[in-house]
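Summary of structural features
Here is what each chain is made of, one letter per residue.
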Amino acid sequence: MGIAVLPRRPLNNLYQQVRSICHHCSRAHSKTSQLVTTRRDFGPLLSRNPSIPKPALRSTNCFPARHFSTTSILCKSSKVMTDADIESAKRAAAAKAVSDWFDPEATHVGIGSGSTIKYVVEAIQKQSNNPRIRFVPTGWQSRQVIIQAGLTPIAFDSLPESVMLDIAFDGADEVDEELNCIKGGGACLFQEKLVAERARKFICVADYRKNQSRLLTNWPTIPIEVAPIAVPTVLRSLRTLGSTNPQLRTTTLEKSGPLKTDQDFFIIDAPFKPLLTARDLVEGKGKGDGSDGTWEVDRLCQAIKRLTGVLEVGIFSGLNGIDAEGLREKAAGKSVPVITGGQKPVAVYFGMQDGSVQQRQAGE
Ligand SMILES: O=C[C@H](O)[C@H](O)[C@H](O)COP(=O)(O)O
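Since this is a predicted model, take the numbers as computed values, not measurements.

**What to know about unusual backbone geometry**
The phi dihedral of Ala-187 falls on the positive side, at around 75°, and the residue is not glycine. Mapped onto the elements, Ala-187 comes out in the loop between β11 (181-182) and α6 (190-198). Backbone geometry at Asp-264 places phi at a positive 65°, although glycine is not the residue there. Asp-264 gets classed as partly exposed once you look at its relative accessible area, which sits at 49%.

As structure tokens, then:
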């Protein structure tokens, strides 16, 4: 099941905006369709909607369901998905991704953050007990997952200059058909981008809810990591770029104030209209530079990144590891800047509702 929200309306009006679409039949549900929801996912966003009630069966037309992990929508033609089903989907995708891409003889492996990555580490553990592999975490939680699995972490800034990671695995909040990703739903994005760019190949693992043709279809906002002192300026600038209601992310405990990242920075969540792909630009579906209200993924990422006070943007776009390697080979021996790996995954694995795993590779 997926939830779509009418674009360009303030987040606090979501009660009026939500409509639901069945991933299985791709039709909007009637007003009598019901959801079972849980507060487990999207926690940071809940703080902006303190009046959100406890998990319950509710009518889809009065519930901000896209800010929750939707565990079932009672549609005749669709499988009812429980939390356990979604976790199984993540585990299946992780197992397949690791089996296809993890080399037990690797020396350095990047490990992302979030709820899916623990299944990746679980699958790695089953495949290898090679003590020589060093695992590079992307934040505090990621490091804990590595340590608890009995694997050996190495800090990103301890990597020898010449070392590139053999591979990096990570999750995503949404992936489009060109494999651009939104990341940072769990407030990790800066270190994830460092690690993805340092890897020869980045492999993304997610469940079916993240599989969308365009970014900002189901996931509502772009997470942006910002220096605390710059928050008001960046919020203003984001509005001029076309984000209707960018919000500083707070913790679920209101008195704790803004949520802090691993760098002690803040996160702004900025909604935009669904983003164009590079192909959309070629097909003339919009200018993609904000001037006509449309943004192409990579251009929006660059425009936000240029704002003073922004540490990093939760859009992973541009080159992937294979593209970057091609450029490195072309540049060999020439005095050009070092080209690191790409931000985009070379392959994405989605755990599907029916228990299967759908794989999408760059260039398909
Ligand atoms: O900030 C968190 C990271 O970008 C995660 O990789 C992303 O939010 C996906 O997380 P999950 O695997 O929990 O869906």
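Moving on, there is more to tell.
**Let's talk about the pattern of salt bridges**
Going through the model one piece at a time under the given rule, you end up with 16 salt bridges. Between Lys-90 and Glu-87 there is a salt bridge whose closest N-O contact spans 3.1 Å. Placement of the pair is Lys-90 and Glu-87 together in helix α3 (residues 83-101), with a separation of 3 residues, close to one helical turn. Each member of the pair, Lys-90 as well as Glu-87, is classed as buried. When the shortest N-O distance is used, the salt bridge between Asp-170 and Lys-183 registers 3.1 Å. Taken together, the residues Asp-170 in strand β9 (residues 167-170) and Lys-183 in the loop between β11 and α6 connect sequence positions 13 residues apart.

**Section: the site of the ligand**
Close contacts around the ligand come from 16 residues, with Ser-113, Ser-115, Thr-116, Asp-173 and Lys-210 the closest. In this structure, an oxygen atom belonging to the ligand sits 3.3 Å away from a side-chain N or O atom of Asp-170. One of the side-chain N or O atoms of Lys-210 is found 2.7 Å from an oxygen atom in the ligand. In terms of residue class, the shell around the ligand is built from 3 nonpolar, 8 polar and 5 charged.

**So, the nonpolar core**
Counting 29 residues, the largest nonpolar core has Ile-222, Ile-224, Leu-238, Phe-272, Leu-275 and Ile-304 as the members making the most contacts within it. Elements that contribute at least two residues to this core include exactly β13 (222-226), α7 (231-240), β15 (266-270), α9 (297-305) and β16 (310-313). Take this core: its biggest share by element is 5 residues, from α9. The contacts of Ile-304, once residues within four sequence positions are left out, are Ile-224, Leu-238, Leu-241, Phe-272, Val-310 and Val-313. Formed by 27 residues, the second largest nonpolar core is a distinct cluster that contains Ala-94, Ile-146, Ala-149 and Ile-167.

**Details of helix α4 (residues 117-127)**
The complete set of buried residues in α4 reads Ile-117, Tyr-119, Val-120, Val-121, Ala-123 and Ile-124. The inward-facing, buried residues of α4 abut α3, β6 (108-111), β7 (134-137), α5 (140-148), β9 and β12 (202-207).

**Topic: the sheet that holds β7**
Reading across from one edge, β8-β7-β6-β9-β12-β18-β19 is the order of the 7 strands in this open sheet, with mixed pairing throughout. Two strands lie at the open edges of the sheet, namely β8 (152-153) and β19 (357-361), each paired on one side alone. In this structure, β12 lies alongside strand β18 (residues 347-351), joined through 5 bridges in parallel fashion. Its bridge partner lying in β18, Val-205 is registered against Tyr-349. Contacts from α3 reach β9, β12, β18 and β19, with the element oriented near 160° to β12. In this fold α5 packs onto β6, β7 and β8, with an angle of close to 155° to the strand it touches most, β7.

**With respect to the packing of α3 against α4**
Contact pair α3 / α4: the axes reach a minimum separation of 8 Å and the direction vectors enclose 45°. As far as their axial angle goes, α4 and α3 are oblique. Seen from above, α3 lies across α4 with right-handed handedness. Across the interface between the two elements, Glu-87, Lys-90, Arg-91, Ala-94, Ala-95, Val-98 and Ser-99 from α3 touch Lys-118, Tyr-119, Val-120, Glu-122, Ala-123, Ile-124 and Gln-127 from α4.

Calculation rules
Sequence order sets the numbering: in each chain, residues are counted from 1 along the sequence as written. For a predicted model such as this one, the threshold for reporting local features is a pLDDT of at least 70, and the threshold for listing and counting side-chain atom pairs is 80 or more; totals across whole chains, interfaces and linings nevertheless cover every residue. The side-chain values count all of the structure's non-hydrogen atoms but skip hydrogen atoms and water molecules. Helix numbers and strand numbers start at the N terminus; a helix is a DSSP run of H or I with at least 4 residues, a strand a run of E with at least 2. Remark: exposure states derive from per-residue accessible area (1.4 Å probe, protein chains only) relative to the maximum for the residue type, with buried under 20%, exposed over 50%, and partly exposed in between. Any Lys or Arg side-chain nitrogen located within 4 Å of an Asp or Glu carboxyl oxygen qualifies as a salt bridge. Near residues are defined by distance, with any heavy atom within 4 Å of the molecule or strand qualifying the residue. Here a polar contact is taken to be a pair of N or O atoms separated by no more than 3.5 Å, where protein atoms must pair a possible hydrogen donor with a possible acceptor and residues adjacent in sequence count only if both atoms sit in side chains. Only Asp, Glu, Lys and Arg are considered charged in this grouping, and only Ala, Val, Leu, Ile, Met, Phe, Trp, Tyr, Cys and Pro are considered nonpolar; every other residue, Gly among them, is considered polar. The term nonpolar core refers to a set of buried residues drawn from Ala, Val, Leu, Ile, Met, Phe, Trp, Tyr and Cys, joined through side-chain atoms within 4.5 Å. Note on contacts: a residue pair is in contact if any heavy atoms of the two residues lie within 4.5 Å. Paired strands are those between which DSSP finds at least two bridges. Between N-to-C directions, angles cover 0 to 180 degrees, with each direction set by a line fitted to C-alpha atoms, over the stretch in contact for helices. The cut-offs work like this: below 35 degrees is roughly parallel, past 145 is roughly antiparallel, 65 to 115 is roughly perpendicular, and the gaps in between are oblique. The crossing is said to be left-handed when, going from far helix to near helix, the turn is anticlockwise and less than a right angle, and right-handed when the turn is clockwise.

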